[in-house]
Amino acid sequence: MFAIAAIVAPRRAVSAQSSSSSQRGQPKTPFAVADLAKLRWLEGSWAGAATDETPVYARYHFVNDSTIEISYYRDSTFSQESGNGRVYLTVGRIYHTFGSGRWGATNVDSSGAFFIPQVNAHNTFAWSYQSPDEWTLTQRAGLSGRERVTVYKMRRVKR
């Protein structure tokens, strides 16, 4: 259940150890509608692959200038929905949610975004634009000093 960021990031982000609502510091970077618009390249359906990981499938849709709805799927036909998330702008901040987890953006520009954990999450993740049909999701997770880095290559699914 990835919030392929939000595809995979949130998938592993919420663990049994995160059952308490640990509020983290708010990102300090102020954002505007124009900043969220820099992520328009995410609009569409995506399939992601990473070494030794289950493939991920997600669809991103801008519902307005301040909200991106994300649907996650179990299959390559996008017929078995497994969860939902969203990226949204509010009061000068950009957040990503998936389940009970919330991440805050510290950087958003035309080349991608970086999110840090805030509530019920322990991982960071970054979206990095490569081309109109490809981007990467890099997730860093780890408790007790053991960091695990997973990189998903996301490819546009033509539908």
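Above this note sits the structure.
Here the residue numbers are simple positions, counted from 1 along each chain's written sequence. Local features are withheld for residues below a pLDDT of 70 in this predicted model, meaning they are given only at 70 or higher, and side-chain atom pairs are given and counted only at 80 or more; totals for whole chains, interfaces and linings count all residues. Derived side-chain values reflect all non-hydrogen atoms in the structure, with water molecules and hydrogen atoms excluded from consideration.

In this structure, what is going on with the pattern of salt bridges? I would like to understand it.
Between side chains of opposite charge, pairing is possible as soon as their charged atoms come close. Here a salt bridge means any side-chain nitrogen of Lys or Arg lying within 4 Å of a carboxyl oxygen belonging to Asp or Glu. Per the stated rule, a full pass over the model turns up seven salt bridges. Notably, a salt bridge pairs Asp-133 with Arg-156, separated by 3.1 Å at the nearest N-O pair. Of this pair, Asp-133 sits in the loop between β8 (124–131) and β9 (134–141) while Arg-156 sits in strand β10 (residues 148–157), and the two are 23 residues apart along the sequence. Judged by its relative accessible area of 34%, Asp-133 falls in the partly exposed class. Here's how the labels work: a residue is buried when its accessible area is under 20% of the maximum for its type, exposed when over 50%, partly exposed in between, all with a 1.4 Å probe on protein chains only. For Arg-156, a relative accessible area of 25% corresponds to the partly exposed category. Here Arg-155 and Glu-134 are joined by a salt bridge, their closest N and O atoms 2.8 Å apart. Within this pair, whereas Arg-155 is found in strand β10, its partner Glu-134 is found in strand β9, the two being separated by 21 residues in sequence. Elements are defined by DSSP. Helices are runs of H or I of four residues or more, strands are runs of E of two residues or more, and each kind is numbered from the N terminus.

So what exactly am I meant to see when it comes to the side chain of Thr-124 here?
Mapped onto the elements, Thr-124 comes out in strand β8. By relative accessible area, which is 18% here, Thr-124 ends up buried. Beyond its immediate chain neighbours, meaning those up to four positions away, Thr-124 contacts Phe-114, Phe-115, Ile-116, Pro-117, Thr-138, Gln-139 and Arg-140. Should any heavy atoms of two residues lie within 4.5 Å, those residues are counted as being in contact.

For this particular structure, what's the right way to read the environment of Gly-101?
Take Gly-101: it is sitting in strand β6 (residues 101–109). Distance from Gly-101 to Gln-118, taken between C-alpha atoms, is 7.6 Å for residues 17 residues apart in sequence.

It is not clear to me how the sheet that holds strand β3 (residues 67–73) should be interpreted in this structure. Could you clarify?
Picture the strands of a sheet paired through backbone hydrogen bonds; they go either parallel or antiparallel. We call two strands paired when DSSP finds no fewer than two bridges between them. Spatially, β1-β2-β3-β4-β5-β6-β7-β8-β9-β10 is the arrangement adopted by the 10 strands of the closed barrel, whose pairing is antiparallel. Adjacent strand axes in the sheet meet at a mean angle of 25 degrees when their direction is disregarded. Strand direction decides the pairing type here: strand β5 (residues 93–98) and β6, joined by four bridges, are antiparallel. Across the sheet, Thr-97 pairs through a bridge with Arg-102, a residue of β6. The axes are straight lines fitted to the C-alpha atoms, using for helices just the contacting stretch, and the angles between their N-to-C directions are given from 0 to 180°.

I would appreciate a short explanation of unusual backbone geometry in the present structure.
Across the chain, the bulk of peptide bonds are trans and the bulk of non-glycine residues have phi less than zero. Unusually for a residue other than glycine, Asp-52 sits at a positive phi of about 60 degrees. On the secondary structure map, Asp-52 appears in the loop between β1 (44–49) and β2 (56–64). Overall, Asp-52 belongs to the exposed group, its relative accessible area being 77%. Not every positive phi belongs to a glycine, and Val-91 is a case in point at roughly 45 degrees. Within the secondary structure, Val-91 is located in the loop between β4 (81–90) and β5.

Before we go on, may I ask you to explain the pairing of β9 in this structure?
Each regular strand carries side chains that alternate between the two faces of the sheet. Here β9 lies mainly inside the structure; six of its eight residues are buried. Two elements, β8 and β9, share seven bridges in a ladder whose sense is antiparallel. Opposite Ala-126, over in β9, you have Thr-138 as the bridge partner. From the end of β8 to the start of β9, which pair antiparallel, there are two residues.

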